[in-house]
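Single-letter residue listing:
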Amino acid sequence: MPKRRVIVTALAAAVLAPLGFGAWVWTLPPDAAPVTTAAPPEEEADALLASLRPPKRARPVIAVIGLNDATETTDYLMPTGILRRADVADVVMVATGPGPVRLYPALRVEPDMTTADFDAAYPKGADYVIVPAMSRDDDPDVLAWLQRQAAGGATIVGICAGAKVVGAAGLLDGRRATTHWYYVDEMLGRSPTIQYVADRRIVADENIVTTTGISASMPMTLTLIEAIGGRETAQSVARAIGLERWDARHASAAFKVTRRFATTVLVNRAIFWRHEDLGIRLEPGMDEASLALMADAWSRTYRSDAVTLAASAEAVATANGIRVVPDRIATDWPADRRLSTLPNEPPSATLERALRAIAGRYGERTRQMVAMQLEYPQ
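Just so it is clear, the structure is predicted and the values come from calculations on it, not from any experiment.

A.B. asks: Even after reading the chapter, I still don't get the pattern of salt bridges, so can you show me in this structure?
C.D. replies: The tally for this structure, following the rule as stated, stands at 29 salt bridges. Notably, a salt bridge pairs Asp119 with Arg148, separated by 3.6 Å at the nearest N-O pair. Here Arg148 lies in helix α5 (residues 140-151) and Asp119 lies in helix α4 (residues 115-121), a separation of 29 residues in the sequence. Ionic pairing is found between Glu186 and Lys164, a salt bridge with its closest N-O pair at 3.0 Å. Placement of the pair is Glu186 in helix α7 (residues 184-190) and Lys164 in helix α6 (residues 162-168), with a sequence separation of 22 residues. According to the relative accessible area criterion, Lys164 is buried, its value standing at 9%. What emerges from the salt-bridge pattern is a single network uniting Arg84, Glu110, Asp112 and Arg323.

See the structure below:
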């Protein structure tokens with residue numbers, strides 16, 4: 001009798017679980033409606049720049065911190081590459097421990113130094129600390145280091161869900177802030193005194209700055225370049241990377257879990273036997289922003305992973321000195337599973353091209369789902 005009851009219970013669960021999931025999906029909005037927003041008022045933009053002026057040195061020191069076992073790809077690489085291109089500061093990639101930083105959803109890189117090495121090299125601390133999204137918000141070494149840097153006068157910039165890490169360090173209590181759309185409720189649940197600001201990609205409250213999702217890393221970095229080096233310098237870098245504007249406007253209501261989003265994730269994960277690895281050949285001097293965007297987008301389809309290829313296990317240095325560790329030692333890869341980082345295109349075009357290619361390979365729904373994860377305005 002007990003055995004029969006167990007079998008009946010298991011069968012009932014097998015039947016009811018999909019029904020429960022289906023009922024939940026049906027409660028979701030079918031799709032996110034397009035929303036347009038205007039640029040922030042001039043006085044608001046000026047106040048943002050003022051909050052980002054160098055707090056200590058004429059030539060600032062900027063630390064981009066990573067957790068060795070899981071730091072978001074674009075959040076870590078984009079600010080580093082573009083800031084180094086601008087040459088307005090000394091930019092250091094740090095990690096909590098020795099060895100490579102495993103980025104998610106793709107890539108591995110060698111940091112410049114550990115946080116301990118940074119403290120020894122810069123006893124007065126950083127001028128700015130950029131905090132990417134991390135898979136854990138409660139790493140004690142990260143939180144303690146952020147608290148020390150903030151106490152030393154550094155401006156802390158939480159990119160995407162890096163805002164949750166900043167919040168976990170207690171640096172957002174009572175402040176205005178934003179984060180990746182998916183984590184807003186979680187951030188506010190952990191830190192209820194935070195004043196969430198909608199419809200802004202970048203929010204500053206004194207020396208603490210936060211942004212919306214992954215794609216905000218490019219406008220945030222240009223805003224920081226403008227605050228340090230002036231408008232002309234930022235415009236020059238913007239032209240080089242192909243970005244026309246980088247103000248803080250954002251349509252927060254356009255990003256949410258929808259029926260289309262949820263069912264696309266479910267279907268793409270369900271057809272696991274069609275999952276594929278797509279190869280990116282590492283080339284010395286390649287653009288790290290384009291590499292990050294291409295690898296990030298294709299590794300969020302739930303149909304593919306981007307893997308890096310090189311002739312040896314040695315790290316390959318990008319245009320601005322980021323050392324990328326190859327995933328595979330390979331001199332050849334099937335032509336139909338190769339990805340190009342589009343070396344003749346500006347980095348800002350890479351994401352658009354990647355999304356179009358994703359639509360062509362996996363369908364429009366997958367393209368929209370990836371754009372939603374990246375919080376990329378459509």
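A.B. asks: Looking at this model, I keep getting lost on the environment of Thr73. Mind explaining?
C.D. replies: Counting through the fold element by element, Thr73 comes out in helix α3 (residues 73-86). Residue Thr73 is classed as buried on the basis of its relative accessible area of 0%. Distance from Thr73 to Ala289, taken between C-alpha atoms, is 9.9 Å for residues 216 residues apart in sequence. When sequence neighbours within four positions are dropped, the list of residues in contact with Thr73 reads Leu103, Tyr104, Pro105, Ala106, Leu107, Ala292 and Asp296.

A.B. asks: Looking at this structure, how should I read unusual backbone geometry?
C.D. replies: Excluding glycine, residues mostly have negative phi values, and the peptide bonds linking residues are mostly trans. Here Tyr104 and Pro105 are connected by a cis peptide whose omega angle stands at 10°. With respect to the element layout, Pro105 can be found in the loop between β4 (101-104) and β5 (108-110). Residues other than glycine seldom take positive phi values, yet Asp87 does so here, at roughly 55°. Along the polypeptide, Asp87 turns up in the loop between α3 and β3 (90-95). Within the chain, Glu375 stands out as a residue other than glycine whose phi angle is a positive 50°. Relative to the elements of secondary structure, Glu375 occurs in the segment after α13 (364-373). Since its relative accessible area comes to 2%, Glu375 is described here as buried.

A.B. asks: Could you clarify how one ought to interpret the nonpolar core in this entry?
C.D. replies: Nonpolar side chains tend toward joint burial in soluble globular proteins. Core analysis: the largest hydrophobic core is formed by 81 residues, its most contacted members being Ile62, Leu77, Val109, Leu224 and Ile225. For this core, the element with the highest residue contribution is helix α11 (residues 288-298), accounting for eight residues. The contact partners of Val109, leaving out residues within four places of it in the chain, are Tyr76, Leu77, Met93, Pro100, Val101, Leu103, Ile322, Arg323, Val324 and Val325. Among the nonpolar cores identified, the runner-up in size contains 29 residues, and Met113, Trp145, Ala150 and Ile208 belong to it.

A.B. asks: It is not clear to me how the pairing of strand β7 (residues 128-131) should be interpreted in this structure. Could you clarify?
C.D. replies: Taken residue by residue, a regular strand's side chains alternate between the two faces of the sheet. Where burial is concerned, the two faces of β7 agree: the one with Tyr128 and Ile130 and the one with Val129 and Val131 are both buried. Bridging between strand β1 (residues 61-66) and β7 involves three bridges; their strand directions are parallel. Paired with Ala63 across the strands is Val129, a residue of β7. As paired strands, β7 and strand β8 (residues 155-158) are joined by four bridges and run parallel to one another. Along β8, the bridge assignment pairs Val129 with Ile156. One crossover worth recording links β7 to the parallel β8 by way of α5, and it is right-handed.

A.B. asks: Please clarify how the sheet that holds strand β14 (residues 304-310) should be interpreted in this entry.
C.D. replies: Sheet strands associate in pairs through backbone hydrogen bonding, adopting either a parallel or an antiparallel arrangement. Pairing is parallel in the open sheet, where four strands are placed in the order β17-β14-β13-β18. Either end of the sheet is taken by a strand with one partner, and the two such strands are β17 (328-329) and β18 (338-339). In this structure, strand β13 (residues 276-281) lies alongside β14, joined through six bridges in parallel fashion. The residue bridging Ile280 from the neighbouring strand is Thr308, located in β14.

About the criteria used
- Residues numbered from 1 in each chain as written.
- Predicted model: local features only at pLDDT ≥ 70, side-chain atom pairs only at ≥ 80, totals over all residues.
- Heavy atoms only, no water.
- Salt bridge = Lys/Arg side-chain N within 4 Å of Asp/Glu carboxyl O.
- Helix = DSSP H or I, 4+ residues; strand = E, 2+ residues; numbered from the N terminus.
- Buried < 20%, exposed > 50% of the residue type's maximum accessible area, 1.4 Å probe, protein only.
- Contact = heavy atoms within 4.5 Å.
- Core = buried A, V, L, I, M, F, W, Y, C linked by side-chain atoms within 4.5 Å.
- Pairing = 2+ DSSP bridges.
- Right-handed = clockwise from strand over helix to strand, strands pointing away.

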